[in-house]
Amino acid sequence: MTATLEAPAGRARLDPFAFISDTSFRFALLLLVVGCADGRRWFGIATDLSDLASLRTCMHGNAAWSDLLAQSDPLQCYRAILPTVLFFISLGLALLIATTTIIYVAYPRWQIWRLELEPLDPTEVPELAMELDALCRTAGLRRNPEFWWNPLGSGSPLAFGTGRRRLVALTGTVAGQFYKDPTSFRAVLLHELAHIRNRDVSITYLALSIWWAFLATGLLPYALIDLRRPQTALDLILLASDLMLLSLCVLLTRNAVLRARELYADARSFAWHRDTAGLAKVLARLNPVPRWRRLLSSHPAPARRRRLIEDTDEMFRFGAWDSFGVGLAAGISGFFLLPVTANLINSTSGYALLLAFGIPALIVIPVAAGAMAVGVWRATFLALMRGRRHGSRLRTSFACAIGAIAGGGVQFVLVFAIISAGLGPASGMLPRISASLPTLILAGAAMCLVFISGLTLALIIFFAWIGATAQCWLGTRLLGSRPGPAFVLLLALCLFVAALWVVFVLLSVGTVAYLVYEERFSNLFAIFWRTSVVALVFPLSLIVWVGVVGFWLIPLSAALWPRRLPGTAFWTFPDDTADTTPDFPIPSVRLQRAALLGVASGVTAVLAAIWLPIPLPAGSLHGSGFSETDVVANKVARLLTGELAQGLVAMLTVLVIPRFAVLHAMCAAFIAGCVFAMSVVLYLRLPAYGGMPFGAAADISLCTLLGGTLVALAFGSITHLLATPVRWFLQRHSRAYRDPRRTVILS
Amino acid sequence: VDQRSVTELARSAIAQVAPDELPLFEAMTRVWFKDPRLARVRRGGDETLGFGLAEVAPLLTPIVLATAGEIAKYLAEELGKSLAHMTADGIVQRIGRLFRREPVSPALTQTQLSRIHDVATQLLQTTAVTRDQSSFVADALVGLLSSPAPDRS
């Protein structure tokens, strides 16, 4: 591959292929969205064809929730239709897969038939055939595609095919361009060959096939079956809005895949051009895409494509619209899976509800978080390369949260409100809530706002963490050459840990809710201690510890890896000249400093626990499982002193190591906690203090360690939030603080 | 009229109006005579997946071939009326010679040439070519039919 593009104003053109292309993640999102949207429609078909009269009887018509809950579990009523629902969802998905496969396999033949193509005979047009061969060599293809053409056809060429067979369709007008306007011909053909080189042809045709299959096997049967019964105006509005929303979401996701592939093909093929001025002239003839159609268009805006000649920076940005799209896809999927899993689990106990939320989260979050993580990683890379700050994380997070609600939450709330108010075709299938429809909708809107706020906050933390991990690792030799598998592995680890945190948070919230509402606990210490017990129960313990340790270990362990050698950057398009990209300022990881702080603080915590335990009255132990005596309270007070010490070391670390402050704080606090926990075990095992068995002593120390780590997370985050504006102020106004040795890039 | 004669006239016209298409002329002619329908020429590629360039000017070769065919039909009717003593084969041969630009006697009249121009223009206006291109192509065809080729010997 030969790249001869000049870097404008001394800037190198960044190579978007250095990281995973987001075409793949968008495609994964499309699969998730279509699968869930199809399942949702077949869920609707199943309920349409089920014996709803018995369901309504079971639900006592429009009885109030309180009446129904007093008699039975409302989910039990759905048990009768559960086999039908499962059967139809499976049938729908099987039909979707079969139809997609058929369309995908038939697509090349259909293209050949539709465009009236025939194999291009090199003896008939020898010059053209030679040029095509030369272009394939330029594109670095291992095997030339088959060239087919319709000498009388007009329109753009097309790369298509299935499996290993790749074809390029040419038309007479394009072939004519070879003689009339060779630059234009090269631009168009190299773009198609870039699709083959990028290996996105299969993804493209699968995306198209799945779209048609979804329309044929998901939306159409549902519309036909639903329209069989008498419809009121409200029914028709609900049906139309549902079908439109689903098809629009699938179409938007599909076109996002198509746009991404076009940009990547442009980025790849533009690097093969020698005549950039000629290329710019060709791109000036691109069909305009009206502003309002940009999200619906299968092509990116021409201006955006033209900019790629000089600058690929845009391909590294992760904007609010990207984030909104991911949120939308996740929302559609999540709000479909939620009622399905709730029905499958068929219980309203605390842990069943936890599973009902947890399972959809575990399916949807890895894909959505993966797409976002790749975006954040790339954006962080761009910010480092260009010496700029990254975009607003608040805006991106908020857009994703809004997307998630728009993708399913709004409709979910609306339908729930309509049914609960005793209106609509599904009236009587949920217990009645004695409130007017506007009140129910307002309550639902309030719930949506709470959800948006919570999700926005969680995403800000997630984006910040992924960004920090990217900053730590980009300077290592592991990612110094083309990252490939190392990057994928790192990303997978990040997503795994993020998923563990989701489960951990859900577990903690579920446990606290259970303790407060079911067990009627009101003692804060008892709630805190009992929640810490999750650290001991396998496999929850594994989830918790891997999550807690992985949170700081994944980014900070970059310090254990050798640093990248100067001049071995992988992030510009490889060309004949040496890489002239300046090394960006790789922020330092202070793992040793954090570890030293942790050990010193751990020893201090032990001494503090012996000499200065915090006062704890015996009554505070009520409900915690400990005996409410002064002796036990004294021992627990020492444990709490250790936990508090971890919080304090976290605060201290944030102030001492401003870069990746919270991560360093968690590391230091964890090490301090380990030192303290080992001391606790030794102390409890001493015969003079009762000679507790090792297992019991270890359990107590593990609870203390987890509690202390959580305290450290809270203390460290709050200190960081308070310290950030102070540092910002000092950087602006204090010359001493701006000393290069103390320069801090605020993150 | 035989394919060879229509092809000859079309090739001469293309050499004047769109010489860039000459390298593809054989291939286009071969496909055209397999299924000579103008509707085929208008069929485009898949723009959802294409490069996204604005449509380039249409190919003139199939349009000129279609026009030449239409002119041949007109001439067959017209000469059939004016040369009633001639057999059908004789008329076809005469049109073939006209298309190949061999000297024929008597030559086409000004009225006949004017009518040929109208026939060509009418057909061309149903295609994707512009009005200017229509006149250009029609003028070229009439010009070719009105003047025999220079002596090739």
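Scoring rules and cut-offs
Residues numbered from 1 in each chain as written. Chains lettered and ligands numbered in written order. Predicted model: local features only at pLDDT ≥ 70, side-chain atom pairs only at ≥ 80, totals over all residues. Heavy atoms only, no water. Helix = DSSP H or I, 4+ residues; strand = E, 2+ residues; numbered from the N terminus. Buried < 20%, exposed > 50% of the residue type's maximum accessible area, 1.4 Å probe, protein only. Contact = heavy atoms within 4.5 Å. Areas by Shrake-Rupley, 256 points an atom, 1.4 Å probe, with all protein chains shown as cover. Buried area = accessible area lost by both parts, 1.4 Å probe. Salt bridge = Lys/Arg side-chain N within 4 Å of Asp/Glu carboxyl O. Polar contact = N/O pair within 3.5 Å; in protein donor to acceptor, adjacent residues only side chain to side chain. Nonpolar A, V, L, I, M, F, W, Y, C, P; charged D, E, K, R; others polar. Pairing = 2+ DSSP bridges. Axes fitted to C-alpha atoms, helices over the stretch in contact; angles between N-to-C directions. Parallel < 35°, antiparallel > 145°, perpendicular 65-115°, else oblique. Left-handed = near helix turned anticlockwise from the far one by under 90°. Phe/Tyr/Trp six-rings, centres within 6.5 Å; stacked < 30°, edge-to-face > 60°. pLDDT = per-residue confidence, 0-100.

In terms of regular secondary structure, chain B is built from 7 helices and 0 strands. For chain B, the sequential pattern of α-helices and β-strands runs α-α-α-α-α-α-α. Burial status across chain B gives 48% buried among its 153 residues. Residue pairs in contact within chain B that sit at least 24 positions apart in sequence constitute 71% of those at least 6 positions apart. Counting only carbon and sulfur atoms, one obtains 52% of the accessible surface of chain B, whose full area is about 7400 Å².

A few words on the overall build of chain A. What chain A contains, in helices and strands, is 23 helices and 4 strands. For chain A, with 747 residues in total, the buried portion stands at 55%. As displayed, chain A offers around 32800 Å² of accessible surface, 69% of which is attributable to carbon and sulfur atoms.

A common way to express how large an interface is: the accessible area buried when the components associate. Contacts between the two partners involve 33 residues from chain B and, on the opposite side, 46 residues from chain A. The contact between chain B and chain A buries some 3300 Å² in all, and 57% of this surface belongs to carbon and sulfur atoms. Where chain B touches chain A, the interface holds 3 salt bridges. Its salt-bridge partner being Arg30(B), residue Glu118(A) comes within 2.6 Å of it at the nearest N-O pair. Scanning the region where chain B abuts chain A turns up 2 residue pairs in polar contact (both at pLDDT 80 or more). Broken down by secondary-structure element, the contributors of at least two residues to the side of chain B that touches chain A are helix H2 (22-34) and helix H3 (38-42) of chain B. A class-by-class count of the residues in the side of chain B that touches chain A yields 15 nonpolar, 5 polar and 13 charged.

All names here are of chain A. Extensive coverage of strand S4 (residues 167-171) is indicated by the burial of 5 of its 5 residues. Every second residue of S4 is oriented toward a common face, with Leu 167, Ala 169 and Thr 171 on one face and Val 168 and Leu 170 on the other, all of them buried. As paired strands, strand S2 (residues 146-150) and S4 are joined by 5 bridges and run parallel to one another. Note that in S4 the partner of Trp 148 across the bridge is Ala 169. Inspection of the sheet shows strand S3 (residues 158-160) paired to S4 by 3 bridges, in the antiparallel sense. Residue pairing for S4: Phe 160 is matched across the bridge by Leu 167. The antiparallel hairpin formed by S3 and S4 contains 6 residues in its connecting segment, where Gly 161 sits at a positive phi of about 130°.

Residue and element names in this part refer to chain A. Following the sequence through the fold, Gly 619 ends up in the loop between helix H20 (591-611) and helix H21 (630-656). The class for Gly 619 is partly exposed, based on a relative accessible area of 48%. In the structure, Gly 619 is positioned 11 residues away from Asp 630 in sequence and 9.0 Å away in space, judged by C-alpha atoms. Setting aside residues no more than four positions away along its own chain, Gly 619 makes contact with Asn 523 and Glu 628.

Our next topic: the packing of helix H22 (residues 661-685) of chain A against helix H23 (residues 694-733) of chain A. Residue and element names in this part refer to chain A. Direction vectors running N to C along H22 and H23 enclose 155°, while the axes themselves pass 8 Å from each other. The pairing of H22 with H23 is recorded here as roughly antiparallel in orientation. The way H22 lies across H23 gives a crossing that is right-handed. Per-class residue counts for the contact of H22 with H23 are 18 nonpolar, 7 polar and 1 charged.

Bringing the pairing of S2(A) into the picture now. Residue and element names in this part refer to chain A. With 4 of its 5 residues buried, S2 lies for the most part within the structure. The pairing of strand S1 (residues 118-119) with S2 spans 2 bridges and is classified as antiparallel. Along S2, the bridge assignment pairs Pro 119 with Trp 148.

This paragraph deals with the packing of aromatic side chains. Residues and elements named next belong to chain A. One pass over the structure, following the stated rule, counts 20 aromatic pairs over all chains. With a centroid separation of 5.3 Å and 75° between ring planes, the pair formed by Phe 87 and Phe 88 is classed as edge-to-face. Phe 88 sits in the buried class, given a relative accessible area of 14%. Relative to Phe 185, the ring of Phe 178 lies with its centre 5.3 Å away and its plane at 55°, an arrangement referred to as tilted.

By secondary structure assignment, the location of Glu643(A) is in helix H21. The residues touching Glu643(A), leaving out its near neighbours within four places in the chain, are Phe528(A), Trp529(A), Cys703(A), Thr704(A), Gly707(A), Gly708(A) and Val711(A).

The next subject is the sheet that holds S2(A). One key point about sheets: their strands pair by backbone hydrogen bonds, in either a parallel or an antiparallel sense. With mixed pairing, 4 strands are arranged side by side in an open sheet as S1-S2-S4-S3 (chain A). Two strands in the sheet have a free side with no partner beyond their single neighbour: S1 and S3 of chain A.

Time to look at the confidence of the model for chain B. All names here are of chain B. Per-chain confidence: chain B averages 80 in pLDDT, with 84% of residues scoring 70 or above. Within chain B, the lowest mean pLDDT, 63, falls on H3, and the highest, 90, falls on H2. On the interface metric, ipTM, the complex scores 0.87, and its pTM is 0.79.

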